[in-house]
Structure formats: C-alpha cells, structure tokens
Amino acid sequence: MKKLLASVISIALTISAMLPITSFAAPDTAFVLGDNIVEASSANADAYAEQVVKLVNSERTKNGVQPVKALVSMNKAASIRAKEIVNKFDHVRPDGRKGMSAIDDAGLNWTYVGENIAMGYTSPEDVMDGWMNSQGHRNNILKPRYKYIGVGYYYANGYEYWVQLFMDSPVEYKDFPTVKVQSGDKNSGTLEKGDVNGDKAINAIDASEVLTEYANVSSGRGSHFSAAQITAADMNTNGTVDAVDASIILGIYASNATK
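Quick summary incoming for the structure in this document.

The rules behind the values
Residues numbered from 1 in each chain as written. Predicted model: local features only at pLDDT ≥ 70, side-chain atom pairs only at ≥ 80, totals over all residues. Heavy atoms only, no water. Helix = DSSP H or I, 4+ residues; strand = E, 2+ residues; numbered from the N terminus. Buried < 20%, exposed > 50% of the residue type's maximum accessible area, 1.4 Å probe, protein only. Contact = heavy atoms within 4.5 Å. Axes fitted to C-alpha atoms, helices over the stretch in contact; angles between N-to-C directions. Parallel < 35°, antiparallel > 145°, perpendicular 65-115°, else oblique. Core = buried A, V, L, I, M, F, W, Y, C linked by side-chain atoms within 4.5 Å. Domains from an automatic or database assignment. Expected span 1.5 Å × (residues − 1). Left-handed = near helix turned anticlockwise from the far one by under 90°. Nonpolar A, V, L, I, M, F, W, Y, C, P; charged D, E, K, R; others polar.

Position of Arg 81 among the secondary structure elements: in helix α2 (residues 72-87). Among the residues examined, Arg 81 registers a relative accessible area of 0% and is labelled buried. Those residues in contact with Arg 81, other than ones at most four positions away along the chain, are Asp 90, His 91, Arg 93, Gly 99, Ala 102, Glu 115 and Val 163.

So this is what it looks like as structure tokens:
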C-alpha cells in the first residue's frame, strides 16, 4: 500500500465565536507538492463517493448513530477540496481560507462542520479502514450531530486523494436544483436557492423581500411571488415562506460577508 497522509479537522460555530478543534493524524504541517500535476481519469469518482457514504453509514449504524445524508452540493464541494489537496495537503485552501469554506461556497447554512482528508489509499474500503483506525478521523465519522456528508475523490500524479466533509445544519436540506423561472414571472432566467430577486446574490434584500411576502400572505393580501420565487425563498423546504426562511438567508449573507 502506498504511504498514507491523513488529516482531520472539526469546527464548532457558537453564538459568540468560532471555536476550532483540531487534531492531525499525519503530517503535523502542510504537505505541498509542485505545480506539475499529471492528472489521470477520475471516472470512478462518483461510484467511489457513493461507496464511501455507504461505508460511513454502515459504521454509524453499527455504533448506534443515525446515518448521514449525502448532498450533491456537498459532494461537489468535497470534489473541489480533493483537487486542492493535490498541491497542498492541508486544511487551509490555496486561497488561504479554511477547507470547510467550500461548504460556504456551496451556499449551505451550517452550525458545525468537519473535514477528513487522505491520500494514497486505492479504494473506498482502504481509506475508510485508515480513517476508522485514526481517532480524530473516526470521531468525525461517528459524530452524532452530523446530518449531512459530501465525499470527493481525485487521482493525480499516481496518488488517490480523498475528502469527507460533514455538516450539521438548522436547515432540513434536500437536493434542490436551480429553480427555472417560467416566462412571464417577475424574474426571468434562473433563480438559485435564496436569491429571491434574481440578482445573483444572496443578501439582506432577499431576506427583506421574504419578510414582505410573509406579511402579505399573513395579512390576507395574497402572495406577490412567482412560483419560482416561492421555491427559491423556501429555504427549509417546508412548503411555506416565512420569517424562518428570512433568518436563514440572513445567516448565509452574514457568513459570506465575513469571508
């Protein structure tokens, strides 16, 4: 088996501050490769990611912990991280941000996140065996509070690179696609979740429009949103647009503003 390099990190976000809880299996410092990356096909990436999720949930079930749900958006974030650790095997990204900022970039709202990374393992079973035999990685995999997972795999320079992202969130996420806006609606083109006014930004203006819509409906004046806007505004996917959705949008805006 090729030499393994593995690392783990978790971050808890409290009301007052962000508290890092970090442990490293190996190495203690960043492992940096040169820029001359020789890429190979990663045709197995999706299948490998699916298998890792199954193995994670098998371990959680054996240990009396609820399974985590894989999100397409988190898989994409983990895949980005898998490519990034080819050049810099670390929990700090090439742009200087923490690895878990990939979850922020995916537009997800979290209260607790974790990341496991590894290189040199040739199969999902091997990398899971390595992680489960390292206390810090094992803790992430079996942490009861995690609800969602994303897995990334990348192959370059003769090595396999693996990433697990874990997340707890106040939002019950489903794999929501981009919302297509029908002709004649208030906005034309596409709306991303949270981008209620279609300006390609999620900010306080969107939250304000959600609160206005909530007030209109609650007072009997009726909805002023198109069907697509309602879907984009319903952040917790409970079928209604209300102050909770506005709060989630503000949380995403605040998170993006502090990057």
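Having seen the model, we can carry on.
What follows is about the packing of helix α4 (residues 124-132) against helix α5 (residues 135-142). Each pair of packed helices gets described by two things: the angle between the helix axes and the distance between those axes. Where α4 meets α5, the axes come as close as 6 Å, and the angle between the chain directions of the two elements is 105 degrees. Comparing the axis directions of α4 and α5 gives the class roughly perpendicular. Only His 137, Arg 138, Ile 141 and Leu 142 of α5 make contact with α4, whose side of the interface consists of Met 128, Trp 131 and Met 132.

Once that is clear, we can look at the nonpolar core. A general trend in soluble globular proteins is that nonpolar side chains are found buried together. Among the nonpolar cores identified, the biggest contains 36 residues, and Met 74, Ile 103, Val 163, Leu 165, Met 167, Tyr 173 and Val 210 are the most heavily contacted of them. Contributing elements (two or more residues each) for this core: α2, α3 (101-105), β6 (112-119), β7 (148-156), β8 (159-168), α6 (204-218) and α8 (243-257). Examining the composition of this core, we find that six residues originate from one element, α2, more than from any other. Each of domain 1 (42-167) and domain 2 (204-257) accounts for three or more of the residues forming this core. Ignoring sequence-local partners within four residues, the contact set of Val 210 consists of Val 196, Phe 225, Ala 233, Val 241, Asp 242, Asp 245, Ala 246 and Ile 249. Listed in part, the 22 residues of the second largest apolar core include Ala 45, Val 68, Met 132 and Phe 166.

This part takes up helix α1 (residues 45-62). Here α1 is 18 residues long and its end C-alpha atoms lie 26 Å apart, about the 26 Å a rise of 1.5 Å per residue gives. What α1 keeps buried is the set Ala 45, Tyr 48, Ala 49, Val 52, Val 53, Val 56, Asn 57, Glu 59 and Arg 60. For α1, the secondary structure elements touched by its buried residues are β4 (69-70), α4, α5, β7 and β8. One or two positions beyond α1, positive phi appears at Gly 64, with a value near 70 degrees.

Turning next to the environment of Gly 198. In this fold, Gly 198 is placed in the loop between β10 (189-191) and α6. Overall, the relative accessible area of 32% leaves Gly 198 in the partly exposed class. As for Gly 198 and Ala 232, which are separated by 34 residues in sequence, their C-alpha atoms are 9.5 Å apart.

Right, let's get into the packing of α1 against α4. The geometry of α1 relative to α4 is characterised by a closest axis approach of 9 Å and an angle of 40 degrees between their N-to-C directions. It follows that α1 is oblique to α4 by the angle criterion. Here the hand of the crossing between α1 and α4 comes out right-handed. Contact residues: α1 offers Tyr 48, Gln 51, Val 52, Leu 55, Val 56 and Glu 59, while α4 offers Pro 124, Glu 125, Met 128 and Met 132. Partitioned by chemical class, the residues of the contact of α1 with α4 number seven nonpolar, one polar and two charged.

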